[in-house]
Amino acid sequence: MRPFYGLVLLLGGITASWLLIPRLVSREMLPFPTWSVPGADPPRDAADLPTVPDLPAAKAQSTFRICSWNVTPLTEEKLLKPGVAAAIAAVIRQFDVTVLQGVDLRDRGVIARLMDYVNRDRPVFSYATLPESLRVSTTRGIVFIFDLSAVEIDRRTVRVVDDPLKRLQFTPLTAAFRARGVPSDEAFTFTLIGVQADTLRAQEEADLLDDVYRAVRDDGRGEDDLILAGYFGDPTPLRQGLPGLADVTAVMVDIPTTVDGTGAVDGFFLDCRATTEYTGKHGVMDLVRQFNISAGQAAQVADHLPVWAEFRTREGIE
C-alpha cells in the first residue's frame, strides 16, 4: 500500500502547485530573472519585490497617462522635509505610470516611505526598479511606479540596459506593460525605457540614446511599441531626434520642463509609425499652480516638472 499512498501524495503535491503558483504570480511574489549585467545577480528570493494582495478591479477608461519626472535627489532626508513626500505622492497618484528618476536606491527606506504615501488612501500602486545587487551603489536610480488597476507589468522583462563599457552614468531601466480595462487580446502592450542623463555629460550621453533604444527594440521579443522617457540633460536630442531612427520622434519639443522655466530637457520618444495608440495629448504639470505654492517651495520638491503623454488602452486604435 505504500506505493499507492506515495502516488496520492505526489499527485496532491502537483495539484497544490498548479493552484498555488498562479496565485503567487498574480500577487507578484515570485522572483523573476533580470538581464545579465556585469556584477549583477538575479534576486534570490521574493524580498526584493513589492507585494500586493491581488490585482485590483480594472479601471474603466479608454486612455491612460504616463508621467516622467526627474526628482533628483530623492533621498530620505528630502522625503522627511515637511510636505515633500505628500506632494510627490499626490503627483504620482494622478498618473497611471510614472517614470521616476533620481531616486537614492541605496536606502530601502526611500522607496518604502514614498510608496506608503502613494498608497495611503488607495493601495493599488506597485513599483519596479533595479536589481538588488545594483541598488547598493546607485544614488540616482530609476523607479517605475504604476497603478495596477490601469496597467499590468510582466516582471520577467524588468531589467537594465546592459552597458559594459560604462558609457552611461546612470543605468537605464526597461519593462513591458499591458493596459487593463479591455480584453487582454485587444489591450495595448508596450515597453517602457527610463533614462536619466548626467548633466555634466549630457551631450555625450545624448549620442547614446539611439543605442539604448535599439538594444531594447532588438531584444528578441518583437515589441514595436517602445516609449523612451526621462531626463535628457540637453534639448538637442528632443529637437533633432535619435541618429538613424527617423521614425522615432520626440513627443514635446522646446517646452520648458524645469521650475525656473529655463530648460526643455525632459520628455518622451516613440515610433510615430508604430505607436498609433499615442493620442497626441501631452503636457507639463505646473507644480506652483497645482499646489498653490511659490517657485521656491516647488523647487524644494523637485527642480524639474512632471511631463506626461496619453495613450489609448486598445492596441492599434487611431
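For the structure, see preceding data.
Everything numeric here is computed off the predicted structure, so don't read it as measured data.

> Tell me about the overall build of the protein, and name the residues and values.
Summing up its helical and strand segments, the protein has 10 helices and 12 strands in all. The buried share of the protein, reckoned over its 318 residues, is 50%. Considering only contacts in the protein between residues 6 or more positions apart, those separated by 24 or more positions represent 74%. In the form shown here, the protein has an accessible surface area of approximately 15000 Å², with 53% of it arising from carbon and sulfur atoms.

> I'd love a proper account of the sheet that holds strand β2 (residues 97-103), names of residues and values included.
Spatially, β3-β4-β2-β1-β12-β11 is the arrangement adopted by the 6 strands of the open sheet, whose pairing is mixed. For this open sheet the edge positions go to β3 (125-128) and β11 (278-284), each flanked by a neighbour on one side alone. Across this sheet, the average inter-strand angle for adjacent strands is 20 degrees, counted without regard to direction. Sheet topology note: the β11/strand β12 (residues 307-312) ladder contains 4 bridges and is antiparallel.

> Lay out the nonpolar core with the relevant residues and their values.
Residues I66, W69 and L100 are the most contacted members of the largest nonpolar core, which totals 66 residues. The element best represented in this core is helix α3 (residues 84-92), accounting for 7 residues. Counting 18 residues, the second largest nonpolar core, distinct from the first, contains V161, I193, V216 and F232.

> Describe in detail the pattern of salt bridges, supporting the description with residues and values.
Inspection of the entire model under this criterion finds 22 salt bridges. In this structure, the salt-bridge partner of E310 is R65, at a minimum N-O distance of 3.2 Å. Here E310, found in strand β12, pairs with R65, found in strand β1 (residues 63-74); they are 245 residues apart in sequence, far enough to count as distant. Judged by relative accessible area, R65 falls into the partly exposed class, the value being 30%. With its nearest N and O atoms 3.8 Å apart, the salt bridge here joins R167 to D211. Within this pair, whereas R167 is found in the loop between β5 (151-160) and β6 (173-179), its partner D211 is found in helix α7 (residues 209-217), the two being separated by 44 residues in sequence. We classify R167 as partly exposed; its relative accessible area is 35%. Each member of the salt-bridge network shares a partner with another, and the members are K59, D96, R122 and D147.

> An account of the pairing of β5 is needed here, citing residue identities and associated values.
Most of β5 sits out of view: 7 of its 10 residues are buried. Relative to β6, β5 runs antiparallel, the two sharing 6 bridges. Considered in β6, the bridge of I153 is made with F177.

> Which residues make up α3, and what are the values?
Burial analysis of α3 places 8 of its 9 residues in the buried class, the great majority of the element. For α3, the full list of buried residues reads V84, A85, A87, I88, A89, A90, V91 and I92.

> Pulling in residues and values, what's your account of the pairing of strand β7 (residues 189-196)?
Within β7, 7 of the 8 residues are buried, which leaves it mostly tucked inside the rest of the structure. Summarising the sheet, β7 and strand β8 (residues 226-231) pair through 6 bridges and their orientation is parallel. Along β8, the bridge assignment pairs I193 with L228.

> Give a description of empty space enclosed by the protein that names residues and reports values.
In this structure the tally under the stated criterion is 2 cavities of 30 Å³ or more. Considered as a void within the structure, the second largest cavity measures approximately 80 Å³ in volume. Breaking the lining of the second largest cavity down by element, the ones donating at least two residues are β7, α6 (202-206) and α7. Sort the elements by how many residues they give to the lining of the second largest cavity and α6 lands first, with 3 residues. Residue composition of the lining of the second largest cavity, grouped by class: 11 nonpolar, 1 polar and 1 charged.

> Run through the packing of aromatic side chains, naming residues and quoting values.
This model, assessed by the stated rule, comprises 10 aromatic pairs. Measuring from ring centre to ring centre gives 5.6 Å for Y278 and F311, while their planes differ by 50 degrees; the resulting arrangement is tilted. Here Y278, found in strand β11, pairs with F311, found in strand β12; they are 33 residues apart in sequence, far enough to count as distant. Within the aromatic cluster, the residues linked to one another by ring pairs are F64, F144, F146, F177, F188, F190, Y278 and F311. Here R65 stacks its cationic end above the ring of W308, 3.8 Å away from the centre of that ring. Over the aromatic face of Y117 sits the side chain of R120, whose NZ or CZ is 4.2 Å from the ring centroid.

Cut-offs applied
Residues numbered from 1 in each chain as written. Predicted model: local features only at pLDDT ≥ 70, side-chain atom pairs only at ≥ 80, totals over all residues. Heavy atoms only, no water. Helix = DSSP H or I, 4+ residues; strand = E, 2+ residues; numbered from the N terminus. Buried < 20%, exposed > 50% of the residue type's maximum accessible area, 1.4 Å probe, protein only. Contact = heavy atoms within 4.5 Å. Areas by Shrake-Rupley, 256 points an atom, 1.4 Å probe, with all protein chains shown as cover. Pairing = 2+ DSSP bridges. Axes fitted to C-alpha atoms, helices over the stretch in contact; angles between N-to-C directions. Core = buried A, V, L, I, M, F, W, Y, C linked by side-chain atoms within 4.5 Å. Salt bridge = Lys/Arg side-chain N within 4 Å of Asp/Glu carboxyl O. 1 Å grid on protein atoms, 1.4 Å probe; cavity = no way out; pocket = protein on both sides within 12 Å on 5 of 7 lines; lining within 4 Å. Points joined across faces, edges and corners; volume = space filled by probe spheres on them. Nonpolar A, V, L, I, M, F, W, Y, C, P; charged D, E, K, R; others polar. Phe/Tyr/Trp six-rings, centres within 6.5 Å; stacked < 30°, edge-to-face > 60°. Lys NZ or Arg CZ within 6 Å of the ring centre and 35° of its normal.

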